[in-house]
Amino acid sequence: MARKEPLVYYQPDIETMSREDLEALQLERLQALVKRVYRKIPFYKESFDKAGVNPEDIKSLADLTKLPFTVKQDMRDAYPFGLFAVPRKDVVRVHCSSGTTGTATVVGYTQKDLENWGDCFARALYGAGCGPDSTLQIAYGYGLFTGGLGAHNGGERAGCTVLPMSTGNTKRQVRLMKDFDVDCLCCTPSYALNIAEVAQEEGYDIHEFPIHAGILGAEPCSEATRAEIEQKMGIQVYDIYGLSEVMGPGVACECEKQHGLHVCEDQFIIEILDPKTLQPVPDGEWGEVVFTTLCKECSPLVRYRTRDISRILVGECECGRTFRRMDRIAGRTDDMMILRGVNVFPSQIEEEIVSFPEIAPQYQLILTTKGTLDHAELRVETVPEFPFDEIRRLEKLKKDLQKALKENLQIAVDVKIVEPKTIERAESKAKRIIDMRENLH
Ligand code: DLL
């Protein structure tokens, strides 16, 4: 389907307010926030006292930098409800991070928190040309993960018809996408690719379906992968960002211009900091994203270090929204790999892979130690149309990819080309890097 004209804005008064008014609103909310967390959450009283800062010291937005940071470990130490700022009777929902790498972080929501969250996601929907006439297929996982219920809540708030599919049963996803005239798919980029592939196998042409948009997030997606999904499904793909600690999907989202993600600045203050000095970097420069929540009642956070790397895009967006835009996430401070001394992010490897039309966008990088050195094996698949039994072409493809990785990223990788559909398909976030090195860097 062709791109749909956007339905103006979901909350025009907020989304297009002048910077001056927005900053005044942010300051008012920030001052109320610091007073509230100081009074209600012992962790914040202690950490403000330790940093020698009092809520009364916050007189301007620039004073934000006087406040101490919050990190994931602080949330873990407070497990389960130690950072809640409201009595349990006011908590209507709880979500958790997966907890695969330690104690889960727990985040609670009041009714008002759910409404504010729904508004953020609804803004993304309007930006993607959806509204009360749209049918949404939510194929993010439902459960403690914020993807499914977050998108669901936003869809209902925007007045859409919501199909709560969750992940899995991919043939059925395709069938209902067609039968129910779905307008918009909400899932991870890897699951969107998976759905497109299954649709093709089942003999459908998604281009003939009415679907016109995908609101895809929860994991990195390069520009090339976005283009691939758009082309395979005949839709427009809009990036959506969020994290369970801060709220869930909708902290920032792309508009119809598809150029950077508008941060919901009425609800969050974004800072981009140099991860080493922890000082703010100028707009346009990359750094670690830090958020302060301005409206959250149950689980407010002051200067939460996300470890995600992005930058503020300089200049105004043509869409008329005044919220500043962050660039797509380039990686995480903790997912940068050091391969034989060379720093590389998974997203850079993905860019190289996707530039080869003979190779499918699924891949796995397996890191091991050989002797004292890192060994990297990159498994990629050819697309189904590629003549897999033509050894010469296969060899050339392998050499070309190895060469591209060496020349563009300075990394030596042992490329293994495997047959189509051998790499496990993701239904949620894809696991691309398998690091089995003995001494993790
Ligand atoms: O992934 C929330 C979410 C659900 C966002 C659905 C968008 C859509 P967590 O499981 O807590 O929450 O993971 C958060 O995922 O710190 C980023 O590293 C990564 N991430 C989220 N969105 C994007 C995105 C959800 N659009 C972590 N691009 C974050 C790149 C993303 N990475």
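Just so it is clear, the structure is predicted and the values come from calculations on it, not from any experiment. (Residues numbered from 1 in each chain as written. Predicted model: local features only at pLDDT ≥ 70, side-chain atom pairs only at ≥ 80, totals over all residues. Heavy atoms only, no water.)

**Q** How would you explain the packing of helix α8 (residues 189-201) against helix α9 (residues 223-233) if you had to name every residue and give the values?
**A** With their axes 10 Å apart at the nearest point, α8 and α9 run at an angle of 30° to one another. In terms of their interaxial angle, α8 and α9 are classed as roughly parallel. Considering the relative orientation of α8 and α9, their crossing is left-handed. The residues of α9 that touch α8, namely those facing Pro-189, Ala-192, Leu-193, Ile-195 and Ala-196, are Thr-225, Glu-228, Ile-229, Lys-232 and Met-233. Looking at the contact of α8 with α9 residue by residue, the class counts come to seven nonpolar, one polar and two charged. (Axes fitted to C-alpha atoms, helices over the stretch in contact; angles between N-to-C directions. Helix = DSSP H or I, 4+ residues; strand = E, 2+ residues; numbered from the N terminus. Parallel < 35°, antiparallel > 145°, perpendicular 65-115°, else oblique. Left-handed = near helix turned anticlockwise from the far one by under 90°. Contact = heavy atoms within 4.5 Å. Nonpolar A, V, L, I, M, F, W, Y, C, P; charged D, E, K, R; others polar.)

**Q** Outline the packing of aromatic side chains, supporting the account with residue identities and numerical values.
**A** Following the criterion strictly, the structure yields nine aromatic pairs and no others. With a centroid separation of 6.2 Å and an interplanar angle of 35°, the aromatic rings of Tyr-241 and Phe-291 are classed as tilted. Of this pair, Tyr-241 sits in strand β7 (residues 236-243) while Phe-291 sits in strand β11 (residues 287-293), and the two are 50 residues apart along the sequence. Take Tyr-241: its relative accessible area is 8%, and that puts it in the buried class. Classification of Phe-291 as buried rests on a relative accessible area of 0%. Pairwise contacts between aromatic rings join Tyr-38, Phe-43, Tyr-44 and Phe-48 into one cluster. Across the ring face of Phe-69, the terminal group of Arg-305 is positioned such that the distance to the ring centre comes to 5.9 Å. (Phe/Tyr/Trp six-rings, centres within 6.5 Å; stacked < 30°, edge-to-face > 60°. Buried < 20%, exposed > 50% of the residue type's maximum accessible area, 1.4 Å probe, protein only. Lys NZ or Arg CZ within 6 Å of the ring centre and 35° of its normal.)

**Q** Before we move on, could you go through the side chain of Glu-219 and cite the residues and values that matter?
**A** Tracing the backbone shows Glu-219 in the loop between β6 (213-217) and α9. Notably, Glu-219 is buried but unbridged: the nearest opposite-charge side chain belongs to Arg-432, and the N-O separation is 5.6 Å. (Lys, Arg positive; Asp, Glu negative; His and termini not counted. Salt bridge = Lys/Arg side-chain N within 4 Å of Asp/Glu carboxyl O.)

**Q** I'd love a proper account of helix α3 (residues 42-51), names of residues and values included.
**A** Within α3 the residues assigned to the buried category are Tyr-44, Ser-47 and Phe-48. Around the axis of α3, the buried residues are gathered within 100° of arc, so they sit on the same side. Turned more than 90 degrees away from the buried face of α3 sit Pro-42, Glu-46 and Lys-50, all of them exposed. In the core, the buried residues of α3 are packed alongside α2 (19-40). Positive phi appears at Gly-52, one or two residues downstream of α3, with a value of about 70°. (Arc of directions from axis to C-beta.)

**Q** How would you summarise the site of the ligand if you had to cite specific residues and measurements?
**A** Taken together, 19 residues lie near the ligand, and Asp-239, Ile-240, Ser-244, Asp-308 and Lys-429 sit nearest. At a separation of 2.7 Å, an oxygen atom of the ligand approaches a polar side-chain atom of Ser-244. Note that an oxygen atom of the ligand is positioned 2.6 Å from one of the side-chain N or O atoms of Asp-308. Relative to its unbound accessible surface of 610 Å², the ligand loses 90% to contact with the protein. Looking at the shell around the ligand, the elements that each hand over two or more residues are α6 (146-157) and β7. (Near = heavy atom within 4 Å. Polar contact = N/O pair within 3.5 Å; in protein donor to acceptor, adjacent residues only side chain to side chain. Areas by Shrake-Rupley, 256 points an atom, 1.4 Å probe, with all protein chains shown as cover.)

**Q** Got a sec to walk through the sheet that holds strand β15 (residues 331-332)? Specific residues and values, please.
**A** Strands sit in the order β10-β11-β12-β15 across an open sheet of four strands; the sheet is antiparallel. The outermost strands of the open sheet, each flanked by one partner alone, are β10 (268-273) and β15. (Pairing = 2+ DSSP bridges.)

**Q** Break down the nonpolar core for me, with residues and values.
**A** Judged by nonpolar contacts, the single largest core of 45 residues is most densely connected at Phe-48, Tyr-241, Phe-291 and Met-326. For this core, the leading source of residues is α2, giving five residues. Setting aside residues no more than four positions away along its own chain, Tyr-241 makes contact with Gly-248, Pro-249, Gly-250, Val-251, Ala-252, Leu-261, Phe-291, Thr-306, Asp-308, Met-326 and Ile-329. (Core = buried A, V, L, I, M, F, W, Y, C linked by side-chain atoms within 4.5 Å.)

**Q** Summarise the pattern of salt bridges; cite the residues concerned and give the values.
**A** Following the criterion strictly, the structure yields 34 salt bridges and no others. Lys-416 is paired through a salt bridge with Asp-414; the nearest N and O atoms lie 3.8 Å apart. The partly exposed category is assigned to Lys-416, whose relative accessible area is 37%. Taken together, the shared-partner salt bridges in this structure form one network comprising Arg-19, Glu-23, Glu-265, Asp-283 and Arg-324.

**Q** Describe the sheet that holds strand β14 (residues 325-326), and please don't skip the residues or the numbers.
**A** The nine strands lie next to each other as β4-β3-β5-β6-β7-β8-β9-β14-β13, forming an open sheet whose pairing is mixed. In the strand order of this sheet, the two ends are held by β4 (161-164) and β13 (312-313), each with one partner. Contacts from α8 reach β5 (184-187) and β6, with the element oriented near 125° to β5. Taken strand by strand, α9 contacts β5, β6, β7 and β8 (248-254), and its axis lies near 130° from that of β7.

**Q** Give me the pairing of strand β2 (residues 106-109): which residues, what numbers.
**A** Going residue by residue along β2, you find Val-106 and Gly-108 tucked away on one face and Val-107 and Tyr-109 tucked away on the opposite face as well. Pairing between strand β1 (residues 93-96) and β2: four bridges, direction antiparallel. Looking at β2, one finds that Cys-96 is bridged to Val-106.

**Q** Just give me the short version of α2, but keep the residues and values in it.
**A** The terminal C-alpha atoms of α2, which comprises 22 residues, lie 31 Å apart, in line with the 32 Å expected from a rise of 1.5 Å per residue. Those residues of α2 that sit buried are Leu-22, Leu-25, Gln-26, Leu-27, Leu-30, Leu-33, Val-34, Val-37 and Tyr-38. (Expected span 1.5 Å × (residues − 1).)

**Q** Lay out the environment of Cys-298 with the relevant residues and their values.
**A** Among the structural elements, Cys-298 can be located in the loop between β11 and β12 (304-310). By relative accessible area, which is 0% here, Cys-298 ends up buried. On a C-alpha basis, the gap between Cys-298 and Tyr-109 in space is 5.4 Å, while along the polypeptide they are 189 residues apart. Setting aside residues up to four positions removed in sequence, Cys-298 forms contacts with Leu-83, Phe-84, Ala-85, Val-86, Val-91, Gly-108, Tyr-109, Thr-110 and Asp-113.

**Q** Talk me through the environment of Ile-312; I want residue IDs and the actual numbers.
**A** Along the chain, Ile-312 falls in strand β13. For Ile-312, a relative accessible area of 4% gives the class buried. When the C-alpha positions of Ile-312 and Val-415 are compared, they lie 35 Å apart, and in sequence the two are 103 residues distant. Sequence-distant contacts of Ile-312, that is, excluding residues within four places in its chain, are made with Ile-270, Ile-272, Asp-283, Gly-284, Arg-324 and Arg-325.

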